[in-house]
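Breakdown of the fold
Spelled out, the chains give:
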There are 4 protein chains.
Amino acid sequence: MSELTPQRVKDAYDALMSGDRARAAEYWDPKVRFLTPGNHQYAGWHEGLETFLDFIDKVQEASGGSFVIDPVTILVNDEGYSIDVNRTSGTRAHAAAGAESPYERLQIEGLHLLKWVNGRIVEGRGAIFGDGLTNFNQWWSPVGSDGRRVTV
Amino acid sequence: MSELTPQRVKDAYDALMSGDRARAAEYWDPKVRFLTPGNHQYAGWHEGLETFLDFIDKVQEASGGSFVIDPVTILVNDEGYSIDVNRTSGTRAHAAAGAESPYERLQIEGLHLLKWVNGRIVEGRGAIFGDGLTNFNQWWSPVGSDGRRVTV
Amino acid sequence: MSELTPQRVKDAYDALMSGDRARAAEYWDPKVRFLTPGNHQYAGWHEGLETFLDFIDKVQEASGGSFVIDPVTILVNDEGYSIDVNRTSGTRAHAAAGAESPYERLQIEGLHLLKWVNGRIVEGRGAIFGDGLTNFNQWWSPVGSDGRRVTV
Amino acid sequence: MSELTPQRVKDAYDALMSGDRARAAEYWDPKVRFLTPGNHQYAGWHEGLETFLDFIDKVQEASGGSFVIDPVTILVNDEGYSIDVNRTSGTRAHAAAGAESPYERLQIEGLHLLKWVNGRIVEGRGAIFGDGLTNFNQWWSPVGSDGRRVTV
């Protein structure tokens, strides 16, 4: 079993975002569950690595690939917890270029708390600073800034 | 063209809820658009009678048929507007009997503003009194009171 | 007792906004209660005409006098109800000119339901269309778009 | 300068909650700023130790002393960050015994991210998992479960 270090946390995300499910499975337990914050259509517990990866695909689809997570700092402890703090931004795929409405432009600072067991992540939860959850709920809503419903 | 009266407003809803799309079309324009309040997964403009009827089917499905709209009062004017004020309640189909969590039990008071042209409704919008929109967003969220994602 | 007409509803608001409390009292019962929607610091039932007038003063103070209510339509019925539909906008007094953040700029469409007894309003409630309540909660929050707490 | 350890994080909170401002000042910089999440009446940046301590007093007042923070885990790193993860609960002072409404009963899991410089905390921010921010906004709102405005 690998020691829990900031580098291992980074590697886990690299594997997750690689699109290579076998590589992701080196870090993320097949039964991993992840709690997306808020009450929007993708909020709540995503149960199992397949479901979680589907959600990540949805993030990329909804943002037209514009979703960016900039690392701020990573913390680990010897109780098997890691937290990665990040600045996150993205624009909905349907939005006009330069859109600044909170329904279309996400700009938040938040973090993920991960619980590791035997070298793999078994549970994760996200949280957002300030009033960013309002932006997150609006961004994920099917409603654009003009109230029209958008697909994806 | 029929005169706009409280009775005609009632008849329009009876037709809408009858499941008989031909009857609904006597009152609701084929291009009617309806703005469901909030930022949950079914919020925003439902465009066209077919889409609106699909949404109403979804309400029944999500509530396991428990959605009840109790009329309080109806107002009409000679500018072609009607407003029906209602108490609305319903329990999510997945909830345990007697569930009282706002994620599972909806209990709001609100209204629909309808715009009539040539005897038929061309636009409608809902609004909710007090802090009922928070309950509405939670009720429609895919997240149950324990954070688990539920289908429908 | 005066008949309930759209003109009388307009007159009631003119009296309310006149700053002349005696004139306001011709239309608004001394025990009138008004439910401001949302869960922000001025949400909930404002009990009694004095308290309600204090709230209206607060609206003017918070908006630096920029709060504008544009009428859309008025409906009355013979059960003693009136509803005035309005477009409402305003900018927080502390905001920079041209501020467009939802924490600083309010732009909503909504309505007031008033209950009249013996020619005077005894109860009122506001409601907002679309996702405007989110804007309303943000606008009333003590938090500006940069998270700094602002006075008033 | 003391090394940043989980014990030092615990000591900082003990000093903060002790009511002894001199002791608090051993851990918290006089210019510390703290970002309370949400858009309720106490959300946003509390600037300076005095202002932050006033907010903590307000928490105790609003909860009638029932506010409890149960530690889950603490993480620190050598970049000067600590994060304490907690389960938090409390009941509004005005609530009836056993109140379970989200406007009266707070039950959340969240964390504080603290930035330490020269052995003292210069900045802190809170964040909440799941949909707990909705509960937090409702709990802090002046509106009780019946919509009545409450003092404190």
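Thresholds, definitions, all that
Residues numbered from 1 in each chain as written. Chains lettered and ligands numbered in written order. Predicted model: local features only at pLDDT ≥ 70, side-chain atom pairs only at ≥ 80, totals over all residues. Heavy atoms only, no water. Helix = DSSP H or I, 4+ residues; strand = E, 2+ residues; numbered from the N terminus. Rg over C-alpha atoms; globule rule 2.2 N^0.38 Å. Buried < 20%, exposed > 50% of the residue type's maximum accessible area, 1.4 Å probe, protein only. Contact = heavy atoms within 4.5 Å. Areas by Shrake-Rupley, 256 points an atom, 1.4 Å probe, with all protein chains shown as cover. Lys, Arg positive; Asp, Glu negative; His and termini not counted. Charge placed at Lys NZ, Arg CZ, Asp CG, Glu CD. Expected span 1.5 Å × (residues − 1). Salt bridge = Lys/Arg side-chain N within 4 Å of Asp/Glu carboxyl O. Least-squares fit on C-alpha atoms with pLDDT ≥ 70 in both. Polar contact = N/O pair within 3.5 Å; in protein donor to acceptor, adjacent residues only side chain to side chain. Nonpolar A, V, L, I, M, F, W, Y, C, P; charged D, E, K, R; others polar. Pairing = 2+ DSSP bridges. Buried area = accessible area lost by both parts, 1.4 Å probe. Arc of directions from axis to C-beta. UniProt positions renumbered as here; feature names shortened; annotations may be inferred. Phe/Tyr/Trp six-rings, centres within 6.5 Å; stacked < 30°, edge-to-face > 60°. Lys NZ or Arg CZ within 6 Å of the ring centre and 35° of its normal.

1. Let's talk about the overall build of chain A
Of the regular secondary structure elements, chain A holds four helices and six strands. Secondary structure elements of chain A, listed N to C terminal, follow the sequence α-α-β-β-α-β-β-β-β-α. For a compact globule of 152 residues, the expected C-alpha radius of gyration is about 15 Å, and chain A comes in at 16 Å, within 12% of that figure. Relative to its 152 residues, chain A shows a buried fraction of 61%. Looking at chain A alone, contacts between residues at least 24 apart form 58% of all its contacts between residues at least 6 apart. Split by element, the accessible area of chain A, about 6300 Å² in all, is 48% carbon and sulfur. Counting 15 positive and 21 negative side-chain charges, chain A places the centres of these two groups 3 Å from one another.

2. Observations regarding helix H3 (residues 49–62) of chain C
Turn by turn, an α-helix covers 3.6 residues, leaving residues three or four places apart pointing in a common direction. Residue and element names in this part refer to chain C. Look at H3: 20 Å from first C-alpha to last across 14 residues, which is about the 20 Å you get at 1.5 Å a residue. Every buried residue belonging to H3 is among Leu49, Phe52, Leu53, Phe55, Ile56, Val59 and Ala62, and all of these are buried. Of the surrounding secondary structure, the elements contacted by the buried residues of H3 are helix H1 (6–17), helix H2 (21–24), strand E1 (28–36), strand E2 (44–47), strand E4 (81–91) and helix H4 (132–140). One or two residues past the end of H3 sits Gly64, with phi positive at roughly 55°.

3. Notes on the pattern of salt bridges
Residue and element names in this part refer to chain D. Across all of its chains, the model carries 48 salt bridges over all chains by this definition. One salt bridge connects Arg120 with Asp29, and the closest N-O pair in it is separated by 3.8 Å. With Arg120 in strand E6 (residues 120–129) and Asp29 in strand E1 (residues 28–36), this residue pair connects regions lying 91 residues apart in the sequence. Under the relative-accessibility criterion, Arg120 is labelled partly exposed at 29%.

4. Let's talk about the relation of the copies chain C and chain D
Mapping between the two chain copies consists of a rotation about an axis together with a translation along that axis. With an RMSD of 0.0 Å, the fit of chain C onto chain D corresponds to turning through 180° and sliding 0.0 Å along the axis. Both copies are brought into coincidence by an operation consistent with a two-fold rotation axis. When you check the interface residues of chain C against chain D, 100% turn up at the interface there too, and the contact is symmetric in its surfaces.

5. Quick word on the relation of the copies chain D and chain A
Overlaying chain D with chain A gives an RMSD of 0.0 Å, the required rotation being 180° about an axis along which the chain moves by 0.0 Å. In this assembly the copies share their binding face: 100% of the residues contributing to the interface of chain D also contribute to that of chain A.

6. Overview of the interface of chain D and chain A
Interface extent is often summarised as the accessible area lost during association of the parts. Every contact between the two is made by 27 residues of chain D and, on the other side, 27 residues of chain A. Linking chain D with chain A are two salt bridges. Where Arg125 of chain D meets Glu109 of chain A, a salt bridge forms, and the shortest distance between an N and an O atom there is 3.1 Å. The interface formed by chain D and chain A holds 12 residue pairs in polar contact (both at pLDDT 80 or more) in total. Partitioning the side of chain D that touches chain A into residue classes produces 15 nonpolar, eight polar and four charged. Bridge count for strand E6 (residues 120–129) of chain A against E6 of chain D is three bridges, and the pairing is antiparallel.

7. A few points about the interface of chain C and chain D
Each partner contributes residues to the interface: chain C has 21 residues there, and chain D has 21 residues. For the chain C and chain D pair, buried surface summed over both sides reaches about 1400 Å², with 50% attributable to carbon and sulfur atoms. Of all the secondary structure elements, the ones that give two or more residues to the side of chain C that touches chain D are E1, E2 and H4 of chain C. For the side of chain C that touches chain D, the element with the most residues is E2 of chain C, which contributes four residues. Of the residues assigned to the side of chain C that touches chain D, the class counts are six nonpolar, 10 polar and five charged.

8. Section: H1 of chain C
Residue and element names in this part refer to chain C. Relative to the 16 Å expected for 12 residues at 1.5 Å per residue, H1 spans 17 Å between its end C-alpha atoms, a close match to the ideal helical length. Those residues of H1 not exposed but buried are Arg8, Val9, Ala12, Tyr13, Ala15 and Leu16. Down the axis of H1, the sector holding all buried residues measures 160°, keeping them to one side. At the exit of H1 stands Gly19, carrying a positive phi of roughly 80°.

9. Some words on the UniProt feature "domain: SnoaL-like" (unreviewed entry) in chain A
The UniProt record marks residues 9–123 of chain A with the feature "domain: SnoaL-like" (unreviewed entry), using the residue numbering of this structure. The distance separating the terminal C-alpha atoms of residues 9–123 of chain A is 13 Å; by composition the span is 23% helix and 43% strand.

10. A few points about the pairing of strand E4 (residues 81–91) of chain B
Residues and elements named next belong to chain B. Judged by how many residues are buried, E4 sits mostly within the fold: 10 of 11 residues are covered. Sheet topology places strand E3 (residues 68–76) next to E4; eight bridges connect them, and they run antiparallel. Each residue of the ladder has a partner; that of Asp70, found in E4, is Arg87. Hairpin connection from E3 to E4: four residues lie between these consecutive antiparallel strands, with Gly80 at a positive phi of about 90°. The sheet contact formed by E4 and strand E5 (residues 105–117) spans 11 bridges and is antiparallel. Directly across from Arg87, in E5, lies its bridge partner Glu109.

11. Topic: the packing of aromatic side chains
If you walk through the whole model with that rule in mind, you get 32 aromatic pairs over all chains. An angle of 55° between the planes, with centres 5.8 Å apart, marks the rings of Phe67 of chain C and Trp139 of chain C as tilted. Here Phe67 of chain C, found in the loop between H3 and strand E3 (68–76), pairs with Trp139 of chain C, found in helix H4; they are 72 residues apart in sequence, far enough to count as distant. Here Phe67 of chain C matches Trp139 of chain C in class, with each residue buried. Following the ring pairs from residue to residue traces out a cluster consisting of Tyr42, Phe55, Phe67, Trp139 and Trp140 of chain A. When the ring centre of Tyr81 of chain B is taken as reference, the NZ or CZ atom of Lys115 of chain B above it lies at 5.0 Å. Arg92 of chain D extends its terminal NZ or CZ atom over the ring of Trp139 of chain D, reaching a point 5.6 Å from the ring centre.

12. A closer look at the side chain of Asp29 of chain A
Residue and element names in this part refer to chain A. Residue classification places Asp29 among the buried positions, given a relative accessible area of 16%. Only 2.8 Å separates the side chain of Asp29 from the backbone nitrogen of Lys31, close enough to count as a polar contact. Discounting residues that sit within four places of it in the chain, Asp29 has contacts with Leu49, Arg120, Ile121 and Val122.

13. Section: unusual backbone geometry
Even without being glycine, Asn118 of chain A reaches a positive phi, approximately 55°. Looking at the element boundaries, Asn118 of chain A is found in the loop between strand E5 (105–117) and E6.

14. Regarding the side chain of Arg92 of chain A
All names here are of chain A. Relative to the helices and strands, Arg92 resides in the loop between strand E4 (81–91) and E5. Within the buried core, Arg92 has no salt-bridge partner, and the shortest N-O distance to an opposite charge, that of Glu104, equals 8.6 Å. A polar atom in the side chain of Arg92 sits 3.2 Å from the backbone oxygen of Ser141.

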